[in-house]
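Now for the letters of each chain:
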Amino acid sequence: MKKIVLCLTIMVIIMFCQHKLSYAVDTDEEILKNHHDLVTPIYFKDTNEPVTVPKNISLNKKQFRGIYVYTNENLDFQQENTIQGFKRQYLKILNKMEEYNMNVIIFQIRPTNDAFYTSTLNPWSRYLTGKEDKSLNWDPLKWMISTTHDRGISFYAGFNAYRVSNLTELDKMIYLDTLSEKNYAKRYPDYVLKSIYIDGRYQYFLNPGVKEVQDFILNSVMEIVNHYEIDAINLENYFYPFSTTNQFDDNEQYLNNNEEELTISEWRRRNITSLIHSIKEEISLYNEKYNKTVQFGMTPYGVWDNYNQDNPEGSHTIGYTSYQNQYADTRQWIKKQYVDYVAPNIEWDFEEYSTPYADVVKWWSEVVNDTNVNLYIGHDIDDEMNNENQIIDQIRFNHKYSTIKGSLLFSYNSLENEENDKISLFFEDLKQNYWYQIAIHPSIESLSDYPPKSISRLLIKYDKRNVNLSWKPVDEAKFYLIYRFENDEEIDLNDTTKIIKIIDQKSGDKMEFIDSDIETHRIYRYFIITINETFHESTPVVFDIDLNPNEMFSTQIIIFSILSFIALSFIGFSSFKALKKS
């Protein structure tokens, strides 16, 4: 009998293994192996489907490459008592971003009910100078935005809506006494909730169930939108706090403000969703009134809800969720398009049993499908990284899904962590093999799908030393891309290594670029493309320059419009000689 049982067991194992290996894998992909033993295949949770990654990645011209800079507890940005010290520290961050061809910074400007900007509603942050409501007599946000835009990098304002404190042993009134008189939490202590954690410490946050709190947060958002040229408001992953006890003293508001007779979980979710919807509506009205393109998005917790009988829309995961534990219905916000983008922080490895990376990312990629919400994946880079290829393989995996538009790295201090060999190897690999060329921010379809006009009145001057290009600015332009190819090169406008210059839109009646890196005996083909505020592209204007020294002399060509160029292109390049001037 034992032999029969043993034989049956072996047969089941063999059949199981064969079943696992029978899954067809695309020839352009490879099965991902466990990062611990480098041998065992990785499968999607509770299935026989192997996790695969592309063998080769074609880099996208439009790709979100962001870094998060946390000011809370000075995690990524240290206190400064001088303007020059602040500038020096911030410029170092921008220099590092340029080294890795990043194009978005999310800088936390409101970490704990305070401000890194001039505000009539919130005090200066203690994490700026070391003392709450102590300023540098200077507006750092205005300078940061201008300096960031000068580098061609988008500035997203990191905004924490409800958090008043980090974990503390101080009781509520004692802690509130440490705040400045300007702090909303100190002015309205009855609007502050206390969350008790399992270790006995407390965290304080504004009560989402109070209408006055919702109005205050909305006003704080719009104060920033109305006074600063930010590219986005990024709402952070803090709603009702993750507490192991989930006990908040909000019963009074629940009983007095629940005409729909919702359960307390439904009521809390309604409170958060109401704020999200209000922010989206107000920013949309602002954009429409002032012809702006400010985005509203967020960096939510990586798991919306676990799959179960009560919620079949959830992911195949186990553990904490934003839906159940934070009362944040991110899936609804995406489906109703209350946000322009989401960048969930997927902080788990492929090998994680409860929340495996592949399953979580696949879920998000499917949720944003058939919406205009851009999806960027957040990668958590910390000292516990067990293999330098873990994040690289995550980025490779992301390329399987067209709905994923890029990556956000959490957070900046990891870039400065030179003591961790695995982190250093990851960043070196990222720079050398994946982010070695520039990338343009993805198009923002939720705000507009219209391309800008092409440039007009293009003036071309050239001699043996320089090619000088000038043109009339396009009203809706954010910047211009200038490509250059040599005569025998394949034309590929997705190849951003061929972009020789990104020209920011400037005020005035003329844009200009001088190409001094030229050689004689060459024929160069130039493309000029207009990019608008929502990162859509115009039809390119194309022209050739022949630098043959036998025929070289000072030349001036005027193309009044793209129609003029089309007419000239039919005549051929030789016809340009008729326009030459000695």
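Just above, that's the structure.
Before going into details, it helps to say that this report is about the structure given with it.

1. With respect to the layout of surface pockets
One number sums up the size of the second largest pocket: a volume of about 760 Å³. Of the residues assigned to the lining of the second largest pocket, the class counts are ten nonpolar, ten polar and six charged.

2. Observations concerning the pattern of salt bridges
Tallied over the entire structure, the rule returns 27 salt bridges. A salt bridge links Asp250 to Arg268, with the nearest nitrogen and oxygen atoms 3.0 Å apart. Here the residue Asp250 occupies a position in the loop between β8 (232–235) and α8 (251–256), and Arg268 occupies one in helix α9 (residues 264–290), the gap between them amounting to 18 residues. Since its relative accessible area comes to 0%, Asp250 is described here as buried.

3. Observations concerning the packing of aromatic side chains
With the rule as written, the count across this model stands at 44 aromatic pairs. Ring plane angle 55° and centroid distance 6.2 Å describe the contact between Phe479 and Phe535, whose orientation is recorded as tilted. Taken together, the residues span a long stretch of sequence, with Phe479 in strand β16 (residues 477–486) and Phe535 in the loop between β19 (523–532) and β20 (541–546) at a distance of 56 residues. In this structure Phe535 comes out as buried when scored by relative accessible area, which is 5%. The residue whose ring lies beneath Arg268 is Tyr240, and the NZ or CZ to ring-centre distance is 5.6 Å. Between Arg269 and the ring centre of Tyr323, over which it is positioned, the NZ or CZ distance is 3.8 Å.

4. Let's talk about the packing of helix α2 (residues 83–99) against helix α4 (residues 140–150)
Close contact between α2 and α4 brings their axes to 11 Å; oriented N to C, the two are set at 30°. It follows that α2 is roughly parallel to α4 by the angle criterion. As for the relative orientation of α2 and α4, their crossing is right-handed in sense. Together, Phe86, Lys87, Tyr90, Leu91 and Leu94 of α2 and Pro140, Trp143, Met144, Thr147 and Thr148 of α4 make up the contact between the two elements. Of the residues that constitute the contact of α2 with α4, the class distribution is seven nonpolar, two polar and one charged.

5. Let's talk about the side chain of Lys478
In this structure, Lys478 sits in strand β16. Using a relative accessible area of 17% as the deciding quantity, one classes Lys478 as buried. Discounting residues that sit within four places of it in the chain, Lys478 has contacts with Asp231, Asp504, Gln505, Ile531, Asn532, Glu533 and Phe535.

6. Remarks on a negative patch on the surface
Together, Glu347, Glu352, Asp382, Asp383, Glu384, Glu418 and Glu419 give the surface a local cluster of negative charge. Among the structural elements, Asp382 can be located in the loop between β12 (374–380) and α13 (389–398).

7. A few points about the pairing of β19
Burial of β19 is extensive: eight of the ten residues sit out of reach of the surface. Judged from the nine bridges that link them, β16 and β19 form a sheet pairing that is antiparallel. Across the sheet, residue Tyr480 finds its bridge partner in β19, namely Thr530. Here six bridges tie β19 to β20, and the two strands are oriented antiparallel to one another.

Criteria and thresholds
Residues numbered from 1 in each chain as written. Predicted model: local features only at pLDDT ≥ 70, side-chain atom pairs only at ≥ 80, totals over all residues. Heavy atoms only, no water. 1 Å grid on protein atoms, 1.4 Å probe; cavity = no way out; pocket = protein on both sides within 12 Å on 5 of 7 lines; lining within 4 Å. Points joined across faces, edges and corners; volume = space filled by probe spheres on them. Nonpolar A, V, L, I, M, F, W, Y, C, P; charged D, E, K, R; others polar. Salt bridge = Lys/Arg side-chain N within 4 Å of Asp/Glu carboxyl O. Helix = DSSP H or I, 4+ residues; strand = E, 2+ residues; numbered from the N terminus. Buried < 20%, exposed > 50% of the residue type's maximum accessible area, 1.4 Å probe, protein only. Phe/Tyr/Trp six-rings, centres within 6.5 Å; stacked < 30°, edge-to-face > 60°. Lys NZ or Arg CZ within 6 Å of the ring centre and 35° of its normal. Axes fitted to C-alpha atoms, helices over the stretch in contact; angles between N-to-C directions. Parallel < 35°, antiparallel > 145°, perpendicular 65-115°, else oblique. Left-handed = near helix turned anticlockwise from the far one by under 90°. Contact = heavy atoms within 4.5 Å. Patch = residues over 30% accessible without salt bridge, like charges linked within 9 Å, V, L, I, M, F, W, Y side chains within 5 Å. Areas by Shrake-Rupley, 256 points an atom, 1.4 Å probe, with all protein chains shown as cover. Lys, Arg positive; Asp, Glu negative; His and termini not counted. Charge placed at Lys NZ, Arg CZ, Asp CG, Glu CD. Pairing = 2+ DSSP bridges.

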